[in-house]
Amino acid sequence: MTRPLAIRVHPDPVLRQACGPVTGDVTGLARAMLDAMYAAPGRGLAAPQVGEAIRLFVMDAHWKDGVPDPRVFVNPAIAWTSPDTGVAEEACLSIPDTPRRIRRPVACRLTFDRPGGRAEVTLDGIAARCALHEMDHLDGVLILDHEVPA
Ligand code: ZN
């Protein structure tokens, strides 16, 4: 029986660390992070939010709409972002009750580790916004750091 992961809350210093690469097997951690994300409830959760300063995040952009699509990103990198941007309100599980309007690219492409090699995915809409929010976490960046769009 494992205890559910506790979600770290700002200003916990682990949220400000630049995360290092994932080297070992994180299958169990990723599963526990998905459980914590669904329980929160949220659409994304990055490893530093559970106290692990490694380049790993999980997300499920559409489960709240009844279409579960759990995804795990190990050592993700941004390969491309769209020149088009959009503004929407974002919440962060580590900054409770403080939604913030943020401008981000409307689409992005990520590369990440999969068994057997590197994989690539193109995301748009909520999924792109969610992934870019989680990518920020891996560099110690929070929604508080983004300029509020006019
Ligand atoms: Zn967040």
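Preceding this section is the structure that the text describes.
What you see is a predicted model; the values in this text were computed from it and never measured.

Enquirer: I'd love a proper account of the overall build of the chain, names of residues and values included.
Expert: Of regular secondary structure, the chain possesses 2 helices and 7 strands. Along the chain, helices (α) and strands (β) appear in the sequence α-β-β-β-β-β-β-β-α when read from the amino end. Rg of the C-alpha trace for the chain: 14 Å, near the compact-globule value of 15 Å for 150 residues, within the 12% margin. Its C-alpha atoms give the chain principal-axis dimensions of about 45 × 35 × 35 Å. Out of the 150 residues in the chain, the part that is buried amounts to 42%. Between the mean site of the 16 positive side-chain charges and the mean site of the 19 negative ones, the chain shows a separation of 1 Å.

Enquirer: Give me the layout of surface pockets: which residues, what numbers.
Expert: In this structure, the largest pocket spans a volume of roughly 430 Å³. Lining the largest pocket are 22 residues, and of these Arg43, Glu90, Ala91, Cys92 and His133 sit closest to its centre. Those elements that place two or more of their residues in the lining of the largest pocket are strand 4 (85–92), strand 5 (95–105) and helix 2 (125–138). Considering every element that reaches the lining of the largest pocket, the biggest residue donor is helix 2, with 6 residues. The residue inventory of the lining of the largest pocket, partitioned by class, reads 9 nonpolar, 6 polar and 7 charged. Approximately 370 Å³ is the volume attributed to the second largest pocket. Counting residues per element, the ones that place at least two in the lining of the second largest pocket are helix 1 (27–39), strand 3 (71–81) and strand 6 (107–114). Here the lining of the second largest pocket takes 4 residues from helix 1, the largest share from any one element.

Parameters and conventions
- Residues numbered from 1 in each chain as written.
- Predicted model: local features only at pLDDT ≥ 70, side-chain atom pairs only at ≥ 80, totals over all residues.
- Heavy atoms only, no water.
- Helix = DSSP H or I, 4+ residues; strand = E, 2+ residues; numbered from the N terminus.
- Rg over C-alpha atoms; globule rule 2.2 N^0.38 Å.
- Buried < 20%, exposed > 50% of the residue type's maximum accessible area, 1.4 Å probe, protein only.
- Lys, Arg positive; Asp, Glu negative; His and termini not counted.
- Charge placed at Lys NZ, Arg CZ, Asp CG, Glu CD.
- 1 Å grid on protein atoms, 1.4 Å probe; cavity = no way out; pocket = protein on both sides within 12 Å on 5 of 7 lines; lining within 4 Å.
- Points joined across faces, edges and corners; volume = space filled by probe spheres on them.
- Nonpolar A, V, L, I, M, F, W, Y, C, P; charged D, E, K, R; others polar.

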